[in-house]
Amino acid sequence: MKKLLSIACAALCAGSAFSQQALWGGQQIVSPQINADNTVTFRCKAPKAKTVQITGDFLPENVVDIPNYGKYALPGTANLVEKDGVWEYTTEAPLSSEYYCYNLIIDGQKTVDPANVYINRDVATITNCFIVSNEKGDKGDLYKVNDVPHGTIRKMWYDSPSLGMQRRLTVYTPAGYETSGKKYPVFYLLHGSGGDEEAWYTQGRISQILDNLIAAGKAEPMIVVMTNGNAYEQAAPGETKDGFKQPQMVMGGVKEGMKEAAFELSFPDVRKFVEKNFRTINDKKHRAIAGLSMGSFHSEQISKYYAGEYGYVGLFSGAGVGDSRKGDGAPSTCPVYKDFDKQMANLFSPKNRPYLYYIAIGEIDFIKKGSDDMRAYMDAHHYPYEYLETPGGHIWRNWRIYFTEFSQKIFK
């Protein structure tokens with residue numbers, strides 16, 4: 001018995017030591033350090049390293065040309081300087097109020113900053129993140145948690161008979177939803193290629209943005225539904241029976257026309273679940289849909305195929321014109337992609353016309369030509385829309401702006 005007690009005590013002490021190590025054993029390096037003038041200092045303890053660099057979206061971009069696409073902006077790099085085994089870099093100028101992402105590159109190997117526990121995942125890329133705030137209500141202040149009433153994020157599973165599986169989605173409900181007894185408008189928000197139902201919540205900062213906008217009276221209280229647009233995936237990587245498989249940019253044949261259409265054709269399953277389980281106002285005036293990149297294409301197709309059901313449509317960094325959705329070399333025969341002119345004419349008929357059709361894109365986005373073609377098509381047919389063009393390219397910094405602007409225009 002004494003032997004068993006001794007073993008148990010040893011195990012307890014070992015567990016306690018491990019816990020203490022987790023609490024106190026981290027690097028005593030401050031990185032990033034946001035200075036009083038909003039310059040930012042990064043540090044890394046790497047005494048054996050030969051070179052340490054940093055790459056992030058706060059550095060000057062490297063713009064490259066991609067054949068058949070156009071310009072694409074890559075994050076710049078800067079060198080850290082070593083002293084006594086600690087490498088350091090301070091930005092040359094103060095950073096504007098914003099949410100930033102970065103990585104370190106140690107001897108050519110990209111990695112996260114070991115002194116910064118705040119990270120996010122974008123498809124298969126892990127980056128550190130930080131926020132610069134100026135307390136003036138600018139973007140960094142909008143993207144952070146402030147002392148305002150907070151909404152609730154739910155991760156929920158729903159049945160999709162159209163796809164023959166249980167699938168997961170993320171739902172934001174505004175502050176007071178649980179006790180108000182009121183019904184709310186619904187905004188369906190779709191991710192881009194390689195993303196999933198967590199992308200807008202983690203990368204897009206939508207709960208912080210909406211908490212702050214609603215508290216300021218700039219946006220209507222709303223429910224936001226974030227779906228998984230990969231038709232043959234149940235949920236985000238690591239959240240399914242497939243276990244911790246490697247995330248991929250193209251998942252489950254999403255770029256093949258009929259498979260991508262499967263998500264669009266199954267969208268009524270999402271609507272049915274949401275309208276059954278939440279207090280929603282179920283009419284065109286109180287229903288919006290928008291998405292980024294691939295999600296922009298989905299939003300375009302869903303809004304015209306189910307014409308008259310969505311009063312507000314947002315196309316962020318992406319659009320398409322024409323009947324076919326090509327996948328493996330052959331045009332799709334799916335009804336979603338056929339009769340484009342006829343479907344668009346029906347969408348913009350007096351009965352079905354959206355209250356807002358919103359197109360937004362970066363000035364060096366590699367999809368900009370497709371977006372420009374879409375606007376030319378809209379102009380030629382005298383279909384009304386609003387347009388926003390911002391600096392930069394196909395990046396989350398732009399998509400957070402588009403979400404912020406669009407969410408203030410809907411349900412008014």
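Everything numeric here is computed off the predicted structure, so don't read it as measured data.

(A) Structural detail: the state of the cysteines. Following the criterion strictly, the structure yields zero disulfides and no others. Left unpaired, cysteine 129 is separated from the closest cysteine sulfur, that of cysteine 101, by 5.8 Å.

(B) Examining the packing of aromatic side chains more closely. Evaluation of the coordinates by the stated rule reveals 31 aromatic pairs. Aromatic side chains phenylalanine 263 and phenylalanine 267 sit 5.7 Å apart centroid to centroid with 80° between the ring planes, which places their arrangement in the edge-to-face category. Across the pair, exposure class does not vary: phenylalanine 263 and phenylalanine 267 are buried alike. Through a chain of ring-to-ring contacts, three or more aromatic side chains come together here, namely Phe187, Trp200, Phe316, Tyr358, Trp396, Trp399, Tyr402, Phe403 and Phe406. We note arginine 279 situated over the ring of tyrosine 177; from NZ or CZ to the ring centre the distance is 4.1 Å. A cation sits over an aromatic face here: arginine 375 above tyrosine 387, 3.7 Å from the ring centre.

(C) Main features of the sheet that holds strand β18 (residues 312–316). Taken in spatial order, the eight strands line up as β13-β14-β16-β15-β17-β18-β19-β20 in an open sheet, and their pairing is mixed. Whereas interior strands pair on both sides, the edge strands pair on one side only; in this sheet they are β13 (152–160) and β20 (386–390). Within the sheet, the average angular offset between the axes of one strand and its neighbour, ignoring direction, is 20°. Summarising the sheet, strand β15 (residues 186–190) and strand β17 (residues 287–292) pair through five bridges and their orientation is parallel. Bridging across to β17, phenylalanine 187 finds its partner in alanine 288.

(D) Examining the nonpolar core more closely. Among the nonpolar cores identified, the biggest contains 39 residues, and Tyr188, Phe267, Met344 and Tyr357 are the most heavily contacted of them. It is helix α7 (residues 267–277) that provides the largest number of residues to this core, a total of four residues. Those residues in contact with phenylalanine 267 that sit more than four places away from it in its chain are Tyr188, Leu190, Thr227, Ile289, Ile302 and Tyr310. If you look at the next biggest cluster of nonpolar residues, it comprises 35 residues, including Met222, Phe316, Ala360 and Phe411.

(E) Representation of the confidence of the model for the protein chain. Here the protein chain averages 88 in pLDDT, while 87% of its residues score no lower than 70. Every residue in residues 1–21 scores below 50 in pLDDT, and together they form two contacts with partners more than four places removed in sequence or on other chains. Contacts for the low-pLDDT stretch residues 252–258, under 50 throughout, to residues beyond four places or in other chains number 22 contacts.

(F) Summary view of the pairing of strand β16 (residues 223–226). Here β16 shows no split at all, with Ile223 and Val225 on one side and Val224 and Met226 on the other all buried. Where strand β14 (residues 165–173) and β16 come together, three bridges link them in antiparallel fashion. Paired with tyrosine 172 across the bridge in β16 is valine 224. The pairing of β15 with β16 spans four bridges and is classified as parallel. Paired with valine 186 across the bridge in β16 is isoleucine 223.

(G) Expanded view of unusual backbone geometry. A cis geometry characterises the amide bond from serine 31 onward to proline 32, with omega recorded as -5°. Assignment of secondary structure puts proline 32 in the loop between α1 (2–24) and β1 (33–34). The phi dihedral of serine 293 is positive, around 55°, even though this residue is not glycine. Position of serine 293 relative to the elements: it lies in the loop between β17 and α8 (294–305).

(H) Just the pattern of salt bridges, in detail. For the coordinates displayed, the defined rule picks out 18 salt bridges. As a salt-bridge pair, glutamate 98 and lysine 139 come within 3.5 Å of each other at their nearest N and O atoms. With glutamate 98 in strand β9 (residues 98–106) and lysine 139 in helix α2 (residues 139–143), this pair connects stretches of sequence that are 41 residues apart. Since its relative accessible area comes to 1%, glutamate 98 is described here as buried. Residue aspartate 373 is joined to lysine 369 by a salt bridge in which the shortest nitrogen-to-oxygen separation is 3.0 Å.

(I) Up close: the environment of glycine 194. In this fold, glycine 194 is placed in the loop between β15 and α4 (199–202). For glycine 194, a relative accessible area of 1% translates into the label buried.

(J) Broad picture of the packing of α8 against helix α9 (residues 340–347). Between α8 and α9, the least distance of the axes is 8 Å, while the angle of their chain directions is 70°. One way to sum up the angle between α8 and α9 is to call them roughly perpendicular. From α8, Glu300, Ser303, Lys304 and Tyr305 reach across to α9, where they touch Phe340, Gln343, Met344 and Leu347. Looking at the contact of α8 with α9 residue by residue, the classes come out as four nonpolar, two polar and two charged.

(K) A look at the sheet that holds β1. Overall, antiparallel pairing links the four strands, which are arranged β1-β2-β8-β7 in an open sheet. Two strands bound the open sheet, and with one partner strand each, they are β1 and β7 (81–83). Here β7 runs beside strand β8 (residues 86–90); their pairing, made up of three bridges, is antiparallel. Residue pairing for β8: lysine 83 is matched across the bridge by valine 86.

(L) Region of the structure containing the packing of α9 against helix α10 (residues 368–380). Relative to each other, α9 and α10 sit at 65°, their axes nearing to 12 Å. The interaxial crossing formed by α9 with α10 has right-handed handedness. Residue-level contacts link Phe340, Asp341 and Met344 of α9 to Met374, Tyr377 and Met378 of α10. When grouped by side-chain class, the residues that make up the contact of α9 with α10 number five nonpolar, no polar and one charged.

Reading the values: rules and limits
Residues numbered from 1 in each chain as written. Predicted model: local features only at pLDDT ≥ 70, side-chain atom pairs only at ≥ 80, totals over all residues. Heavy atoms only, no water. Disulfide = S-S within 2.5 Å. Phe/Tyr/Trp six-rings, centres within 6.5 Å; stacked < 30°, edge-to-face > 60°. Buried < 20%, exposed > 50% of the residue type's maximum accessible area, 1.4 Å probe, protein only. Lys NZ or Arg CZ within 6 Å of the ring centre and 35° of its normal. Pairing = 2+ DSSP bridges. Helix = DSSP H or I, 4+ residues; strand = E, 2+ residues; numbered from the N terminus. Axes fitted to C-alpha atoms, helices over the stretch in contact; angles between N-to-C directions. Core = buried A, V, L, I, M, F, W, Y, C linked by side-chain atoms within 4.5 Å. Contact = heavy atoms within 4.5 Å. pLDDT = per-residue confidence, 0-100. Salt bridge = Lys/Arg side-chain N within 4 Å of Asp/Glu carboxyl O. Parallel < 35°, antiparallel > 145°, perpendicular 65-115°, else oblique. Nonpolar A, V, L, I, M, F, W, Y, C, P; charged D, E, K, R; others polar. Left-handed = near helix turned anticlockwise from the far one by under 90°.

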